[in-house]
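Chain residues, written in single-letter form:
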Amino acid sequence: MTDTRGPGPLLLGVRHHGPGSARAVRAALDTANPRAVLIEGPPEGDALLPLAADEEMRPPVALLAHAVEDPGRAAFWPFAEFSPEWVAIRWALARDVPVRFIDLPAAHSLAMEAGAETDRDDTAGEQPVPVDPIRVLAETAGYDDPERWWEDVVEHRVPGSGAAAGPLAAFAALGEAMTALREAYGDGGHPRDAAREAYMRIQLRSAKKEFGDEFAVVCGAWHVPALRTRTTLTADRALLKGLPKAKAELTWVPWTHRRLARHSGYGAGIESPGWYEHLFAVPDRPIERWMTKVAGLLRDEDRFVSSAHAIEAVRLAETLAAMRGRPLAGLSETTDAIRAVMCEGSDVPLALVHDRLVVGTTLGEVPDTAPAVPLQRDLTRQQRTLRLKPEADERETELDLRKDTDSSRSRLLHRLRLLGIGWGEPAAGRGSTGTFRESWRLRWEPELYVRVAEAGVWGTTVLSAATARAESDALAATALADVTALAERCLLADLPDALPVVMRALADCAALDADVGHLADALPALARTLRYGDVRATDTTALGEVAAGLAERICVGLPPACTGLDADGAEALRRQVDGVHTAIGLLAGAVPSSADGLRTRWRAVLHKLTVRDTVAGVIRGRAARLLLDDGHLDQDAAARLMGLALSPGTPPADAAAWIEGFVGGAAGGGMLLVHDERLLALVDSWLTGVPADTFTDVLPLLRRTFSAYEPAVRRTLGDLVRRGPAPAGATGGGSAAGAGATAPGFGPVLDAARADAVVPVLRLLLGLDEPSATAAPTAPGAPAHHDDPHLGETA
């Protein structure tokens, strides 16, 4: 068996993940019928090759190699259905032909990669840009797009039938082109290739002794000239002498089309794996079948796409190919036709086509018999038990923690996050974190198999590994906020064995930390953790005692800490005051024994903050607002505090800060001003009295405050200000009467009869009453009687 250059093994130089190359490799192997097949890949994977014939093995998949001593040091060798190497492996296994990997062992590759990273750090910016041979050949042929050139000369070429010259001629031509490139560019910016190619030549010599010249080699076309080069065994061994080495373990893992795409960072990737899979699987009428796929996808998204659209898109794609001198419509022509005909010129639905079809969302599968670390096996078992299947597409799922299965799913996801395995991330949903509902955003990436291997050092099961990791993190933590966050995560992950260690670390940090800011940062997490105890049936007594102690210390130390702050420090402390206020509200319900005392002490602190001139204005304003919202400050007192804060003697910047703290957008201050015109009048009067020379200084702060309001709130405030001040004797609480004309939609006083008339309609809309033609409206001024137990909840 020979190639076009004479005696020797059959060297099939390919492009990784090229359907045209894959078809040509299959045709060449059928024609030559070699006694053995050698594949570019790590030789430690030879024992895993028989799994490629397993019925449960579904590409895309990848060989994963990781260093035993450093599992984070890993490398992948991906294979798709249309990868020439995968086609060659399956061809050999189906015919009981020996098949082997011949690239540099992963033990060397992983160790060399560690050294290369160090070299890159030491010589940042000095590394040469590697040569892209496909791009160079495309530019030489006059193409500005290497993908289009490759499609024209390889993917759309129909192999000749009959003689061996048909499938082999393309490999010979590509080999000659690569030889010219290697003469011009040397290693092309790939210095490690010298060792790799030396090792491959040694393997070819061994194969020659066993099979003569009757074997085939499937490798990247770039390596073909080096494998043809005549060298001595001594010279090749010299290139390998002294290479670093690391103990490596290999397995098969599922891969995704998205990770095959070049933008994913995989160097040998392709831009359109979904399109290439289609070309490989559908050799006849590929354009017609592609347009049918696209039409089906767009119909599923409720877009009107008829058969006529598909037919016209095919015609347009073929016309574009003829005008551009291409042998067959390629991806660019089909994309242009789809945009014009099916998407009506819009790139929005076209982006969906690109994501779902051109790139694709396929996630491969690997049989259970593939080697795996014990932690991975336990995770796989739980995924199946909980019916939580890994998927390449990002999806959101909502869990009801009152259900056993959802509660178990939540525990698994939280344990994985604690281990650094980011399969799921909490997302905003109907329920906030810690209530009976959790929302998660799930997406499985192949790199997570590496994270699982790394986490395997902590234990053989997810539970034991998460427990050991939590205990280690607790002992290593030095910041109080870190320990409280860890306690919260332990409650979420249900790690009872780790809690004693975490609690001891928490008590130690809390006793040593005297910084009020640190205490204020730590308290909200503890309060949330106590609330989780009710949902997850966890004993949080010890946490409650620590939290109550922190709250007491904050009440003592907060007032002095609020003085002498610059603007940034005051804003940071304002956010901490908000957090502490919310946390004490939660603690009052979770620690009944100290509820009244905590509330009383905190109210006293807030009152103290409102009247101290040395406290930053934003904090004084927020303290007054919190008291007002909780009903511990009436509107007359709030108006007096605002009047003092906005008096002429107060610097404009301090007054603006007080306004931000009191009516900041995040606190719903806009509606407060809408419903209390006295406060609005105070703000308006102060604002119009700010001197012109200082107005520009306070303008950014005021814009930040009022721009956070909803547009409808800002519009209503503008209407109220235009009407002018409220008449004498008018009260707050929403009086819309003005000295001038009444704004549309407002009346001078509340019309109780008209207001009560809408109550029956509201009850019907809320489903609280059955429709009845004889139902009598509630008498004006009479309170409605609600027998339905859900009314209060609905309201």
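Everything numeric here is computed off the predicted structure, so don't read it as measured data. Per chain, residue numbering runs from 1 following the sequence as it is written. Only residues with pLDDT of 70 or above have their local features reported here, since the model is predicted, and side-chain atom pairs are shown and tallied only from 80 upward, although totals for entire chains, interfaces and linings are computed over all residues. Derived side-chain values reflect all non-hydrogen atoms in the structure, with water molecules and hydrogen atoms excluded from consideration.

Some points on the overall build of the chain
This is how it is decided: Only runs of H or I of at least four residues qualify as helices and only runs of E of at least two qualify as strands under DSSP, and these elements are numbered from the N terminus. Summary of the burial criterion: residues with accessible area below 20% of their type's maximum are buried, those above 50% are exposed, and those between are partly exposed, where the area comes from a 1.4 Å probe applied to protein chains only. Contact definition: two residues touch when any of their heavy atoms are within 4.5 Å. We get accessible surface area from the Shrake-Rupley algorithm with a probe of 1.4 Å; when it comes to residues, only the shown protein chains can shield them.
A tally of helices and strands in the chain yields 35 helices and 10 strands. For the chain, with 795 residues in total, the buried portion stands at 48%. Taking the contacts inside the chain whose residues are at least 6 apart along the sequence as the reference set, 74% of them involve residues at least 24 apart. In the structure as shown, the chain presents an accessible area of about 37,700 Å², 53% of it carried by carbon and sulfur atoms.

A few points about the pairing of strand β6 (residues 215–220)
So the rule is basically this: One bridge is not enough; two strands pair if DSSP finds at least two bridges between them.
Counting buried positions along β6 yields six of six residues, so the element is predominantly enclosed. Where strand β2 (residues 36–39) meets β6, four bridges bridge the pair, whose relative direction is parallel. Considered in β6, the bridge of Val37 is made with Ala216.

Description of the packing of helix α4 (residues 133–140) against helix α5 (residues 146–155)
Put simply, the rule is: Every angle, taken between N-to-C directions, lies between 0 and 180 degrees, and every axis is a line fitted to C-alpha atoms, over only the stretch in contact when it is a helix. When describing relative orientation, an angle under 35 degrees is termed roughly parallel and one over 145 degrees roughly antiparallel, while 65 to 115 degrees is termed roughly perpendicular and anything else oblique. By the convention adopted, Pro, Cys, Tyr, Trp, Phe, Met, Ile, Leu, Val and Ala count as nonpolar, Lys, Arg, Asp and Glu as charged, and the other residues, Gly among them, as polar.
With their axes 8 Å apart at the nearest point, α4 and α5 run at an angle of 80° to one another. Relative to α5, the element α4 lies roughly perpendicular. Contacts between α4 and α5 involve Ile134, Arg135, Leu137 and Ala138 from the first element and Pro146, Trp149 and Trp150 from the second. Considering only residue class, the contact of α4 with α5 consists of six nonpolar, no polar and one charged.

Focus: the pairing of strand β3 (residues 61–67)
Counting buried positions over the seven residues of β3 gives seven, a clear majority of the element. Here β3 shows two buried faces, one formed by Val61, Leu63, Ala65 and Ala67 and the other by Ala62, Leu64 and His66. Note that β3 and strand β4 (residues 74–79) share six bridges and pair antiparallel. Within β4, the residue paired with Val61 across the bridge is Phe79. Relative to strand β7 (residues 248–254), β3 runs antiparallel, the two sharing seven bridges.

Thoughts on a nonpolar patch on the surface
Basically, it comes down to this: Patch membership is restricted to residues that have no salt bridge and whose relative accessible area is over 30%. Joining uses 9 Å for like charges and 5 Å for the nonpolar side chains Val, Leu, Ile, Met, Phe, Trp and Tyr. What counts as a salt bridge is simple: a side-chain nitrogen of Lys or Arg found within 4 Å of a carboxyl oxygen of Asp or Glu.
On the surface, a cluster of nonpolar side chains totalling about 380 Å² of accessible area is made up of Val758, Val761, Leu762 and Leu765. One can find Leu762 in helix α34 (residues 759–765). Looking at Leu762, the relative accessible area reads 46%, which means it is partly exposed.

A look at the sheet that holds strand β5 (residues 99–101)
What the four strands build is an open sheet, ordered β1-β6-β2-β5; its pairing is parallel. Among the strands making up the open sheet, the edge pair consists of β1 (10–14) and β5. Looking at each pair of strands side by side, their axes are set apart by 20° on average, direction ignored. Bridge count between β2 and β5: three bridges; the pairing is parallel. Bridge pairing links Val37 to Val99 in β5.

As for helix α20 (residues 480–493)
Cut-off, in case you're wondering: Here a helix's expected span is defined as the number of its residues, less one, multiplied by 1.5 Å.
Its 14 residues give α20 an end-to-end C-alpha distance of 20 Å, which sits within 8% of 20 Å, the value for a rise of 1.5 Å per residue. For α20, the buried fraction is high: 10 of the 14 residues fall into the buried class. Leu480, Val483, Thr484, Leu486, Ala487, Glu488, Cys490, Leu491, Leu492 and Ala493 are the residues of α20 that are buried. Of the residues trailing α20, Asp494 is marked for its positive phi of about 55°.

With respect to the packing of aromatic side chains
For clarity, the threshold we go by: The aromatic pairing rule takes the rings of Phe, Tyr and Trp, using the six-membered ring of Trp, and pairs them if the centres are within 6.5 Å, calling planes under 30 degrees apart stacked, those over 60 edge-to-face and the rest tilted.
The final tally for this structure, using the stated rule, is nine aromatic pairs. Look at Trp86 and Trp252: their rings are 6.0 Å apart centre to centre, the planes differ by 90°, and that puts the pair in the edge-to-face class. Taken together, the residues span a long stretch of sequence, with Trp86 in helix α2 (residues 84–94) and Trp252 in strand β7 at a distance of 166 residues. In this pair, the class of Trp86 matches that of Trp252, namely buried. Here the aromatic rings of Trp444 and Tyr449 are separated by 5.3 Å at their centres, their planes lie at 75°, and the arrangement is edge-to-face. The pair Trp444 / Tyr449 is uniform in exposure class, with both members buried.

Considering the nonpolar core
This is how it is decided: Grouping buried Ala, Val, Leu, Ile, Met, Phe, Trp, Tyr and Cys residues that are joined through side-chain atoms within 4.5 Å yields what is termed a nonpolar core.
One finds Met342, Trp423, Leu523, Leu558, Trp602, Leu609 and Phe662 to be the most contacted residues of the largest nonpolar core, which totals 163 residues. In this structure Leu609 touches Leu558, Pro559, Cys562, Val615, Ile619, Arg620 and Ala623, once residues within four positions along its chain are discounted. Formed by 38 residues, the second largest nonpolar core is a distinct cluster that contains Ile39, Ala52, Trp91 and Phe101.

So, unusual backbone geometry
In this structure, the amide linkage connecting Pro59 to the following residue, Pro60, adopts the cis form with an omega of 5°. Within the secondary structure, Pro60 is located in the loop between β2 and β3. Even without glycine at this site, Asn33 takes up a positive phi of about 50°. With respect to the helices and strands, Asn33 occurs in the loop between α1 (19–32) and β2.

What about the sheet that holds strand β9 (residues 424–427)?
Reading across from one edge, β8-β10-β9 is the order of the three strands in this open sheet, with antiparallel pairing throughout. The sheet is open, and its two edges are formed by β8 (395–400) and β9, each paired on a single side. Geometrically, the sheet is characterised by an average inter-axis angle of 35° between neighbouring strands, direction not taken into account. Relative to strand β10 (residues 437–442), β9 is paired through four bridges, and the arrangement is antiparallel. In the sheet register, Glu425 faces β10, and the bridge partner there is Arg441.

Quick look at the confidence of the model for the chain
The condition that has to hold: Known as pLDDT, the predictor's confidence for each residue is given on a scale from 0 to 100.
Mean pLDDT over the chain stands at 81; residues scoring 70 or higher make up 84%. Across residues 727–746, confidence stays below pLDDT 50; counting only partners more than four residues off in sequence or on other chains, it has 29 contacts.

A short note on the environment of Gly569
Structurally, the position occupied by Gly569 is in helix α24 (residues 567–590). Counting along the chain gives 47 residues from Gly569 to Ala616, while the straight-line C-alpha distance between them is 9.4 Å.

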